[in-house]
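Given next are the chains, with one letter for each unit.
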Amino acid sequence: MANVIVVAGAGVSGLTSALLLSRNKANKITVVAKHMPGDYDIEYASPWAGANVLPMADEENSRWERRTWPELKRLTEEVPEAGIHFQKARVYRRVKDEEANYSDTLFHSNPWYKSVLPDYRELSQEEVIPGHDSGCEFTSVCINTVIYLPWLLSQCVKNGVVFKRAVLSNIQDAKLLSHTGQPADIIINATALGSLKLGGVKDMAMIPARGQVVVVRNECSPMVATSGTDDGETEMAYIMQRALGGGTILGGTYDMGNWESVPDPNIAVRIMQRAVRVAPELAGGKGIEGLSVIRHGVGLRPNRKGGVRIEDEVLEDGTSVVHNYGHAGWGYQGSYGCAERVVELVDEIQRRN
Ligand code: FAD
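Note that this is a predicted model, so its numbers are computed, not measured.

Undergrad: Just give me the short version of the domain arrangement of the protein, but keep the residues and values in it.
TA: Taken as a whole, the protein is organised into domain 1 (3-47 + 146-205 + 305-352) and domain 2 (85-141 + 206-304). A straight line from the C-alpha centre of domain 1 to that of domain 2 covers 29 Å. Listed as interface residues are 23 residues of domain 1 and, on the opposing side, 16 residues of domain 2. Taken over both partners, the interface formed by domain 1 and domain 2 buries close to 1,600 Å², and the fraction arising from carbon and sulfur atoms is 65%. The largest contributions to the domain 1 side of the interface with domain 2 come from I42, L193 and A328, which together make up 38% of the buried area. Where domain 1 meets domain 2, there are one salt bridge. Viewed at the interface, domain 2 and domain 1 are joined by nine residue pairs in polar contact (both at pLDDT 80 or more). Across the side of domain 1 that touches domain 2, the residue classes break down as 14 nonpolar, six polar and three charged.

Undergrad: Quick one: what's the story with helix α1 (residues 12-21), residue by residue and with numbers?
TA: Among the 10 residues of α1, 10 are classified as buried, and the element is accordingly described as predominantly covered. Along α1, the residues classified as buried are V12, S13, G14, L15, T16, S17, A18, L19, L20 and L21.

Undergrad: Provide a residue-level description of the side chain of N218, including the pertinent values.
TA: Summarising the element assignment, N218 is placed in the loop between β8 (206-216) and β9 (223-226). Among the residues examined, N218 registers a relative accessible area of 12% and is labelled buried. From its side chain, N218 meets the backbone oxygen of G290 in a polar contact 2.8 Å long. There is a polar contact of 2.9 Å between the side chain of N218 and the backbone nitrogen of S292. Not counting the four nearest positions on each side in its chain, N218 is found in contact with T248, L282, A283, G290, L291 and S292.

Undergrad: Give me the sheet that holds strand β6 (residues 162-165): which residues, what numbers.
TA: If you trace the six strands from one edge of the open sheet to the other, you get β6-β2-β1-β7-β15-β14, paired in mixed fashion. The open sheet has two edge strands with one neighbour each: β6 and β14 (309-314). Recorded for the sheet is a direction-independent mean angle of 20 degrees between the axes of neighbouring strands. Here β14 pairs with strand β15 (residues 320-325) via six bridges, running antiparallel. Paired with V314 across the bridge in β15 is S320. Packed onto the sheet, helix α6 (residues 335-352) meets β1 (3-8), β2 (27-33), β7 (186-189), β14 and β15 and runs at close to 20 degrees relative to β14.

Undergrad: Account for the pairing of strand β3 (residues 84-93), naming residues and giving values.
TA: Of all the 10 residues making up β3, eight are buried; the element is thus mostly covered by neighbouring parts of the structure. Two strands pair when backbone bridges link them, and β3 and β9 are joined in this way by four bridges, in the parallel orientation. Paired with A89 across the bridge in β9 is M223.

Undergrad: Mind laying out the pattern of salt bridges, listing which residues take part and the relevant values?
TA: According to the stated counting rule, one finds 27 salt bridges in the structure shown. Ionic pairing is found between R66 and E59, a salt bridge with its closest N-O pair at 3.3 Å. A residue is classified by how much of its surface remains accessible, and R66, at 30% relative accessible area, is partly exposed. With a shortest N-O distance of 2.8 Å, R94 and D97 are connected by a salt bridge. The class of D97 is buried, set by a relative accessible area of 7%. Through salt bridges with shared partners, a single ionic network connects R63, R67, E340, R341, E344 and E348.

Undergrad: Tell me about the UniProt feature "binding site: FAD" (unreviewed entry) in the protein, and name the residues and values.
TA: Under the UniProt annotation, "binding site: FAD" (unreviewed entry) lies at T191. By relative accessible area, which is 21% here, T191 ends up partly exposed. With residues up to four places along the chain from it excluded, the contact list for T191 reads A8 and L198.

Undergrad: Please give an account of the site of the ligand that cites residues and values.
TA: The immediate surroundings of the ligand are formed by 40 residues, with S13, H35, S46, A328 and Q333 found nearest. Here an oxygen atom of the ligand and a backbone polar atom of G331 are 3.0 Å apart. Burial of the ligand by the protein chains amounts to 96% of its free accessible area of 1,000 Å². The set of elements that each furnish at least two residues to the shell around the ligand consists of α1, β8, β10 (235-241) and β13 (293-304).

Undergrad: Before we move on, can you summarise the nonpolar core with the specific residues and values?
TA: Ranked by internal contacts, the top residues of the largest apolar core, which has 65 residues, are F138, Y148, I188 and Y336. Among the elements that line this core, the one with the most residues is α6, at eight residues. Split by domain, this core shows at least three residues from each of two domains, domain 1 (3-47 + 146-205 + 305-352) and domain 2 (85-141 + 206-304). Contacts of Y336, omitting those with residues within four sequence positions, involve T16, L19, L20, R67, T68, E71, L72, L75, Y148, W151 and L152. Listed in part, the 21 residues of the second largest apolar core include V128, A268, A283 and L291.

Undergrad: Account for the packing of aromatic side chains, with residues named and values stated.
TA: Overall, the coordinates contain seven aromatic pairs when judged by the stated rule. Ring plane angle 65 degrees and centroid distance 5.2 Å describe the contact between Y113 and F138, whose orientation is recorded as edge-to-face. Of the two residues, Y113 is situated in the loop between α3 (98-101) and β4 (121-122) and F138 in strand β5 (residues 134-143); the sequence distance between them amounts to 25 residues. For the pair formed by Y113 and F138, the shared burial category is buried. Here the aromatic residues W112, Y113, Y120 and F138 are joined through ring pairs into a cluster of three or more.

About the criteria used
Residues numbered from 1 in each chain as written. Predicted model: local features only at pLDDT ≥ 70, side-chain atom pairs only at ≥ 80, totals over all residues. Heavy atoms only, no water. Domains from an automatic or database assignment. Contact = heavy atoms within 4.5 Å. Buried area = accessible area lost by both parts, 1.4 Å probe. Salt bridge = Lys/Arg side-chain N within 4 Å of Asp/Glu carboxyl O. Polar contact = N/O pair within 3.5 Å; in protein donor to acceptor, adjacent residues only side chain to side chain. Nonpolar A, V, L, I, M, F, W, Y, C, P; charged D, E, K, R; others polar. Buried < 20%, exposed > 50% of the residue type's maximum accessible area, 1.4 Å probe, protein only. Helix = DSSP H or I, 4+ residues; strand = E, 2+ residues; numbered from the N terminus. Pairing = 2+ DSSP bridges. Axes fitted to C-alpha atoms, helices over the stretch in contact; angles between N-to-C directions. UniProt positions renumbered as here; feature names shortened; annotations may be inferred. Near = heavy atom within 4 Å. Areas by Shrake-Rupley, 256 points an atom, 1.4 Å probe, with all protein chains shown as cover. Core = buried A, V, L, I, M, F, W, Y, C linked by side-chain atoms within 4.5 Å. Phe/Tyr/Trp six-rings, centres within 6.5 Å; stacked < 30°, edge-to-face > 60°.

Right under this line is the structure:
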């Protein structure tokens, strides 16, 4: 018997869920979304991400990131057209950020991910950049989201997934949008920040974490992330070079509750100043005048108070929904782990029904 599934949302969460579900030929899958790969919109977080792998979860919640790394590594090694390349990452810590930012596992000195990501080592004092107290280095990846999102879509299409544009006012509307013409047995909700206002979900725990970036032509390796800046609590310093000529992303901000879609020029200048300070070689030692800007951008990370929501629910009319939203700043680095859980939940529902 065919399992009719409609996935709501075509960001990295919806696309990865659809891809893993489509490996079961009995699943007939339709993806419906307001925004699709190729779009740039403030309501669509995925294109704005760097995106790299810098683990954030504590050990207890590390499943999503742990389970994602092997697949991203495999794609990097075996599928160059997916638009991912290996990059060394250097993380610099300041003691004064301990209270504010050390809750992020990334900045711990003995993190769980040291046995997952290759080549982990503590930096010697000579390798730590001025103004910082310690640091570490490991091998990570950087995903060119401009290439990777269409690639994910193409892999879904290859497996028979059908894509449709639709704006849902209620999650239940997805039930009647399957390309099969039959009502869906299961809906996957991957609408991210859309879940705040989507009827039938209206999750008040959803809140944007605004991220402003500058994309430049300059190249820079290794990637860099620092534990804090002196420019205010919402400002960050990170650099990552995308694969396949995708430019280098300079970040950034993490501004909770801020919905502003227009890049702030003052923030942009501070982002560029911090970038050339932590990696002067980025601009050939010329300061921000040595940067060649491709564009300024803003994305809203789909943050959820209390953490990601991956669980199933039965709607009043008996339709099952599997939620997969609220990935904040780790949607790519947790994408396969979360989608794998979606598949498990769908399998459990199918066994029950
Ligand atoms: P989205 O990409 O927002 O997709 C939501 C989908 O739902 C869209 O298709 C939208 O149209 C659809 N939708 C919503 N409401 C409706 C509706 N009512 N009807 C129909 N469709 C609807 N992550 C990393 O792993 N590594 C990084 O380095 C990284 N860097 C980041 C840097 C920045 C500046 C930002 C902004 C984010 C970054 N992230 C990073 C986080 C990552 O981008 C997100 O976690 C991820 O993109 C979330 O994907 P998603 O599919 O859940 O949501």
